[in-house]
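Structural description and commentary
Chain residues, written in single-letter form:
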Amino acid sequence: MALMGQMMAMPLLISSLIQHAARHSGDTEIVSKRVEGDLHRYTWRDAELRSRKVAQALARFGLEAGDRVATLAWNGYRHLEIYYGASGSQLVCHTINPRLFPEQVAWIANDAQDKVLCFDASFLPLVEKLVSHMPGIKHYVLMTDRAHMPAQTSIPGLLCYEELVEAEDGQYVWPSFDENTASSICYTSGTTGHPKGAVYSHRSSVLHAYGSALPDAMDCSSKDVVLPVVPMFHVNAWGLPYSAAIVGCKLVFPGPHLDGKSLYELFENEGVTFSAGVPTVWLGLLNYVGQNKLKFSTFKRTVIGGSACPPAMLRTLMDDYGVEVIHAWGMTELSPLGTLSKLTAKQLELPVEEQRRILEKQGKVIYGIDMAVIDDEGKPLPWDGASAGNLVVRGSWVIDSYFQQPASPLVEVAGMGTWFPTGDVATIDADGFMQITDRSKDVIKSGGEWISSIDLENIAMAHPGVHEAAAISCAHPKWDERPLLVVVRKPGVELTREEMLAFYEGRIAKWQIPDDVVFVDEIPHTATGKIQKLKLREQFKSHRLPG
Ligand code: AMP
């Protein structure tokens, strides 16, 4: 019989993260740009106390363990308190993305059977519009103080967050329970069909926070000043509210102000060293600092993910601003971090150009995640950096099923058990660096060969006149599909179709060069900042390619 370990079985609970931060980094600040317009400062010690008060206030609603407390809120300290107050008291924090269509917001709230909705004042008109469509929500809480409560509202019994918190004494002991209990729910963006809920557990969230803070992942430390640009309504801001508590670093929340100027000022005034966000946010920030000839004085590194980080952006940040870029890949179903691109000691000896090409990849898995690329028959492909296949993953913070969906999303891999199919197409090289070539449904299939839309976009983005670019498939009588490039020019730039196409010469195989270029004022984005390829394909469905 196996000898069992004789160690304490201390459950991995989210409340333990904030307790740790309050005890060991109690004086460290959390700074928030508020919807009310001002800057709010307090400490991890204050945040923990107020999270306990939130737990007490929620308990007065007569909720049962497992009930969902929804939020429609920006990144800020009150949102953080609900993260901890709800999950820590065995309720489930359900962050809803306010950028979704209103009908989708209501659909998600109903699907999750939310009982409470806490929201920032920015979303008052949205919530007023939706109240009659969300019958299950019994308590509405506006995340502000008495002075900022509306004089009139159609929301029945609207409660004031600050009044609820101030009414409590904080004499609350975080309960202990099974670490596999649900802690929070996030819905996938649902580009096809209805969004689906990923239900995280305390255990998976704490393990993800541990893993993602490691030096070869996000490399978080108590000395950092972290500004999560990635919203707390998008996969828990990539877990930063949890990993920041583990290391006890200063947190800076930007609230609703994500434009280049507001972010830059916050970076400089608060001494931000580390940030994380999707490429579109960095486009805005880089435009602002570029136009105003500014430099960053404390900003050292940033994680970029959610969509492929264009190599041109990586180079600008590294070469012009001295900011280390950590390209990361993940998804809602992975809590979200799977891989990050950090150079190994061996790779640091390579010439800079070779290092850059490695950093452009989506990187290596964090311990706790396992990945493979498989062909359409489910057979594993070699790790040679060239064989592109369907990327599958498994691990301690990967979902095994969706909320209330009986069908399992998992697939069998020949001789390797069950895995989660990511829907991404990727290669993995001999050093274990993964590179996404496409979303499987966005890949361009020309005469049976695959053309990576990401490669085409990365080249276009390297052209100085291009603000943003998207490569999509367009129907072709002979080749089935051919690439069409959709481009937004930088303001005031003259760039022709011919110049754009000439830019591809020598940068990619001739047969992969797009057949045509169209210029638009704007490229549509999803609620999480990804290019809406489906919409673009629809828009250019009847586009006639030349020749
Ligand atoms: P979401 O669940 O909304 O976070 O979306 C996850 C999807 O975003 C992934 O399956 C990828 O298709 C895409 N994605 C995330 N990070 C990257 C990246 N660094 N490069 C390319 N695609 C990415």
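In this convention, every chain numbers its residues from 1, walking through the sequence in written order. For this predicted model, a pLDDT threshold of at least 70 governs which residues receive local features, and a threshold of 80 or more governs which side-chain atom pairs are given and counted, while totals over whole chains, interfaces and linings are taken from all residues. Heavy atoms from the whole structure form the basis of all side-chain values; hydrogens and water molecules are not counted.

1. Let's talk about the pairing of strand 24 (residues 466-476)
Successive side chains on a regular strand alternate, one facing one side of the sheet and the next facing the other. In plain terms, the rule: Residue burial is assigned from relative accessible area. The probe radius is 1.4 Å, only protein chains are included, and a residue is buried under 20% of its type maximum, exposed over 50%, and partly exposed in between. In DSSP terms, a helix is any run of H or I states spanning at least four residues, a strand is any run of E spanning at least two, and both are numbered starting from the N terminus. Two strands pair if DSSP finds at least two bridges between them.
Counting buried residues along strand 24, 9 of its 11 residues qualify, which places the element largely inside the surrounding structure. The pairing of strand 24 with strand 25 (residues 480-489) spans 10 bridges and is antiparallel. Residue His476 lies in a different strand from strand 25, and its bridge partner there is Asp480. In this antiparallel pair of consecutive strands, strand 24 and strand 25, the connection spans 3 residues.

2. Notes on the site of the ligand
We apply this condition: One heavy atom suffices: a residue is near a molecule or strand as soon as one of its heavy atoms comes within 4 Å of it. Under the rule applied, a polar contact is a pair of N or O atoms within 3.5 Å (in protein, one hydrogen donor and one hydrogen acceptor; residues adjacent in sequence only if both atoms are side-chain atoms). Accessible areas in this description were obtained via Shrake-Rupley with a 1.4 Å probe; residue shielding takes into account the shown protein chains only. Only Asp, Glu, Lys and Arg are considered charged, only Ala, Val, Leu, Ile, Met, Phe, Trp, Tyr, Cys and Pro nonpolar, and every remaining residue, Gly among them, polar.
Around the ligand, the surrounding shell holds 15 residues, and the nearest of these are Ala328, Thr332, Gln362, Asp424 and Arg439. Take Gln362: an N or O atom from its side chain is 2.9 Å from a nitrogen atom of the ligand. About the coverage of the ligand: the protein hides 92% of its 500 Å² of free accessible area. In terms of residue class, the shell around the ligand is made up of 4 nonpolar, 8 polar and 3 charged.

3. Notes on unusual backbone geometry
In this structure, the amide linkage connecting Ser335 to the following residue, Pro336, adopts the cis form with an omega of 5°. Its place among the elements puts Pro336 in the loop between strand 14 (324-330) and strand 15 (337-340). For Asn236, which is not a glycine, the phi torsion comes out positive at approximately 50°. Turning to its location among the elements, Asn236 is positioned in helix 8 (residues 235-238). The buried category is assigned to Asn236, whose relative accessible area is 3%. A positive phi angle, close to 80°, is found at Asp480, a residue other than glycine. Examined against the element boundaries, Asp480 turns out to sit in strand 25. Since its relative accessible area comes to 59%, Asp480 is described here as exposed.

4. Details of the sheet that holds strand 6 (residues 139-142)
To be explicit about the condition: When checking whether two residues touch, look at their non-hydrogen atoms; a contact exists if any pair is within 4.5 Å. Note on definitions: angles span 0 to 180 degrees between N-to-C directions of axes, and those axes are lines fitted to C-alpha atoms, for helices only across the stretch in contact.
Judged by pairing direction, the sheet is mixed, and its 7 strands sit side by side in the order 7-6-5-3-4-8-9 without closing on themselves. The sheet is open, and its two borders are formed by strand 7 (159-160) and strand 9 (197-201), each paired with just one other strand. The pairing of strand 5 (residues 114-119) with strand 6 spans 4 bridges and is parallel. Its bridge partner lying in strand 6, Phe119 is registered against Leu142. Across the sheet, helix 3 (residues 77-88) lies against strand 3 (68-72), strand 4 (92-95), strand 5 and strand 8 (182-187), angled at about 145° from strand 4, the strand it touches most. The strands touched by helix 4 (residues 102-111) are strand 3, strand 4, strand 5 and strand 8; relative to strand 8, the strand with the most contacts, the crossing angle is about 150°.

Limitation: the analysis is restricted to geometry and does not speak to function.
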